[in-house]
Amino acid sequence: MVTSKKVVAFIPARGGSKSILHKNIKLFCGKPLVCWVIEALEKCGKIDVIVVATDSVEVEQTVVCRNYKKTIIYHRSAENSNDTASSDSVILEYLNYAHLSSDTILMLVQATSPLTETIHFKEALDIYEGKKYDSILTCVRNKRFFWNEDGTSMNYDYKNRPRRQDFHGILMENGAFYINSVGNILLSGNRLSGKIGIYEMPSYTATEIDEPDDWIILEGLMKKYVLSKKSKVRRDIKLFLCDIDGTLTDGGMYYSENGDELKKFNTRDGMGFQLLRNAGIKTGLITSEDRVLNLRRALKLHIDFLRQGEKDTRKLTVANEICNEMGISLEEVAYIGDDENCFDLLMNVGLAACPYDACEKVKSIPNIHIMKKKGGDSCVREFIDYIINCQLVENTTIIHG
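Just so we're clear, the structure is a prediction, and the values are computed from it rather than from any experiment.

Asker: Now, about the overall build of the protein: what can you tell me, with residues and values included?
Answerer: Summing up its helical and strand segments, the protein has twelve helices and 17 strands in all. Dimensions along the principal axes, computed over C-alpha positions, put the protein at roughly 85 × 55 × 45 Å. Here the protein holds 401 residues, and the buried ones make up 49% of them. Counting contacts in the protein only where the partners sit at least 6 residues apart, residues at least 24 apart contribute 66% of the total. Seen as two clouds, the 52 positive and the 55 negative side-chain charges of the protein have centres 6 Å apart.

Right, here's the structure in full:
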């Protein structure tokens with residue numbers, strides 16, 4: 001159920017960072033750091049608007065090129081973009097600019113907590129909507145034993161040392177996000193005020209990215225606790241996109257004595273596209289090469305969308321344009337590609353795959369499905385069979401006698 005009050009998520013993302021250069025747009029598990037929380041918020045039905053407050057052209061371009069539906073850019077002042085500026089000061093600057101109603105719910109979200117998922121935002125907003133608290137912060141439960149400098153134990157009796165499973169621990173602020181009303185923030189000048197509630201998050205979300213070592217630790221935790229959930233095939237794939245050279249073909253360029261350019265396609269891949277049509281899944285080809293023979297192959301396969309001459313991050317933009325036309329999200333897209341110009345799109349779709357002989361950068365994408373077959377050797381058909389067979393299994397109702 002969507003709250004009746006407007007909910008604005010606010011993400012401070014300045015360009016400067018001394019400990020980690022260009023931190024907010026540095027690739028974290030293959031995706032710009034700031035994009036992880038943006039995309040988790042985009043999927044939350046309770047969020048109306050996502051505001052990225054930045055002073056950086058690079059951050060702005062990174063966000064804008066992804067065509068997010070709810071996300072807008074706010075150009076924060078230079079005064080509130082230096083090393084000493086607090087997140088609270090940036091929030092107050094934005095609220096004085098935006099003139100939001102006092103009952104608008106504002107959620108401060110930190111890009112440095114990329115393991116925060118959509119379910120966390122939803123559950124915390126559910127608690128806030130219960131009206132027991134004026135504001136909410138996120139914490140994790142810490143079961144470490146702490147001591148004071150004078151040699152006295154802080155949170156346990158060392159003479160009766162508890163077992164870890166029996167120890168309640170203490171709550172530690174993890175800085176992932178905070179919830180309050182605009183009226184309360186303007187009145188108190190702080191992200192927290194009044195009766196404060198706590199939303200407890202999983203222990204693996206305890207660390208914020210501040211130092212290089214944090215980056216290494218959190219990438220490992222991201223792969224274990226978040227990305228591993230995406231390895232399961234989605235039942236709601238509505239669009240299948242495919243690269244051509246090196247994927248539908250072996251990547252070779254053949255020329256006749258007359259100088260005609262030739263490519264070799266696999267008929268088994270062609271049958272795969274027919275199977276997708278039979279399953280009601282739309283199909284598309286996105287390629288950096290603009291060739292008449294690509295058009296002929298697309299017509300032969302009855303492809304729904306052909307986009308040629310698309311290079312680098314433009315492939316992601318084109319995929320977003322197709323999704324907007326269909327009224328779907330990238331989470332409902334499957335894509336198979338083999339080289340660096342496929343990387344951004346592979347990182348953002350719901351289901352990604354590559355041929356066995358794809359470049360190493362593509363093969364290193366977390367949870368990508370690496371086919372047993374090479375490009376041009378029916379690897380596309382292998383991926384299609386995988387999608388269709390898994391969907392059939394997931395959609396089968398088992399009746400026990």
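Asker: Explain the pattern of salt bridges to me, and be specific about the residues and the numbers.
Answerer: Within the structure shown, the criterion is met by 16 salt bridges. With its nearest N and O atoms 2.7 Å apart, the salt bridge here joins Glu332 to Lys238. With Glu332 in the loop between α9 (314-326) and β15 (333-336) and Lys238 in the loop between α6 (212-225) and β10 (239-242), this residue pair connects regions lying 94 residues apart in the sequence. Overall, the relative accessible area of 35% leaves Lys238 in the partly exposed class. In this structure, the salt-bridge partner of Asp385 is Arg381, at a minimum N-O distance of 3.0 Å. Taken as a pair, Asp385 and Arg381 lie in helix α12 (residues 379-395) at a separation of four residues, close to a single helical turn.

Asker: Could you give an account of the sheet that holds strand β8 (residues 170-181), naming the residues involved and the relevant values?
Answerer: Read from one edge of the open sheet, seven strands run β5-β4-β1-β6-β8-β7-β9, paired in mixed fashion. The open sheet has two free edges, formed respectively by β5 (71-75) and β9 (196-200), since each of these has just one partner strand. Pairwise comparison of adjacent strand axes, ignoring direction, gives a mean angle of 30° for this sheet. Relative to β8, strand β7 (residues 135-142) runs antiparallel, the two being bridged by six bridges. Paired with Val140 across the two strands is Met172, which belongs to β8.

Asker: Can you tell me about the nonpolar core, naming the residues and giving the values?
Answerer: In this structure, Phe28, Met222, Leu241, Leu330, Val333, Leu345 and Leu346 are the most contacted members of the largest nonpolar core, which totals 39 residues. Among the secondary structure elements, those contributing two or more residues to this core are α1 (33-42), α6, β10, α9, β15, α10 (343-348) and β16 (351-354). When residues of this core are assigned to their parent elements, the largest contribution, five residues, is made by α9. Beyond its immediate sequence surroundings of up to four residues, Val333 is in contact with Ile237, Leu239, Leu241, Cys323, Ile328, Val349, Gly350 and Leu351.

Asker: Could you give me a rundown of unusual backbone geometry, with the residues and numbers involved?
Answerer: Phi is positive for His99, close to 55°, though the residue is something other than glycine. Note that His99 resides in the loop between α3 (87-98) and β6 (105-109). With relative accessibility at 66%, the residue His99 sits in the exposed group.

Asker: With reference to specific residues and values, describe α9.
Answerer: Over its 13 residues, α9 extends 18 Å from the first C-alpha to the last, a length consistent with the 18 Å expected when each residue adds 1.5 Å. By the burial criterion, the buried members of α9 are Lys315, Leu316, Thr317, Val318, Ala319, Asn320, Ile322 and Cys323.

Asker: Can you explain the side chain of Asn266? Please cite residues and give values.
Answerer: For Asn266, the location among the structural elements is in the loop between β12 (261-262) and α7 (267-278). Judged by its relative accessible area of 12%, Asn266 falls in the buried class. Within polar-contact distance, the side chain of Asn266 engages the backbone oxygen of Gly376 at 3.4 Å. Non-local contacts of Asn266, meaning those with residues more than four positions away in its chain, are made with Leu248, Arg297, Gly376, Asp377 and Ser378.

Asker: Can you lay out the sheet that holds β15 for me, pointing to particular residues and giving the numbers?
Answerer: Spatial ordering of the open sheet is given by β14-β13-β10-β15-β16-β17, a layout of six strands whose pairing is parallel. Because the sheet does not close on itself, it has two edges, and the strands there are β14 (305-308) and β17 (369-370). Here β16 runs beside β17; their pairing, made up of two bridges, is parallel. Each bridged residue has a counterpart across the sheet, and for Cys354 the counterpart in β17 is Ile370.

Asker: Help me get a handle on the packing of aromatic side chains, residues and values and all.
Answerer: With the rule as written, the count across this model stands at 14 aromatic pairs. Summarising the aromatic geometry, the rings of Trp147 and Tyr156 are spaced 6.1 Å apart at their centres and angled 80° between planes, so their arrangement reads as edge-to-face. A relative accessible area of 40% places Trp147 in the partly exposed class. Feature note: the residues Phe145, Trp147, Tyr156, Tyr158 and Phe167 constitute an aromatic cluster, connected by ring pairs. Between Lys361 and the ring centre of Phe343, over which it is positioned, the NZ or CZ distance is 4.6 Å. Here Lys363 stacks its cationic end above the ring of Tyr356, 5.1 Å away from the centre of that ring.

Asker: Let's hear about the environment of Met107: which residues, and what values?
Answerer: With respect to the element layout, Met107 can be found in strand β6. Overall, Met107 belongs to the buried group, its relative accessible area being 0%. Each C-alpha atom of the pair Met107 and Tyr178 lies 5.5 Å from the other, and the pair is 71 residues apart in sequence. The contacts of Met107, once residues within four sequence positions are left out, are Val8, Ala9, Phe10, Leu41, Ile47, Phe121, Leu125, Phe177, Tyr178 and Ile179.

Definitions and cut-offs
Residues numbered from 1 in each chain as written. Predicted model: local features only at pLDDT ≥ 70, side-chain atom pairs only at ≥ 80, totals over all residues. Heavy atoms only, no water. Helix = DSSP H or I, 4+ residues; strand = E, 2+ residues; numbered from the N terminus. Buried < 20%, exposed > 50% of the residue type's maximum accessible area, 1.4 Å probe, protein only. Contact = heavy atoms within 4.5 Å. Lys, Arg positive; Asp, Glu negative; His and termini not counted. Charge placed at Lys NZ, Arg CZ, Asp CG, Glu CD. Salt bridge = Lys/Arg side-chain N within 4 Å of Asp/Glu carboxyl O. Pairing = 2+ DSSP bridges. Axes fitted to C-alpha atoms, helices over the stretch in contact; angles between N-to-C directions. Core = buried A, V, L, I, M, F, W, Y, C linked by side-chain atoms within 4.5 Å. Expected span 1.5 Å × (residues − 1). Polar contact = N/O pair within 3.5 Å; in protein donor to acceptor, adjacent residues only side chain to side chain. Phe/Tyr/Trp six-rings, centres within 6.5 Å; stacked < 30°, edge-to-face > 60°. Lys NZ or Arg CZ within 6 Å of the ring centre and 35° of its normal.

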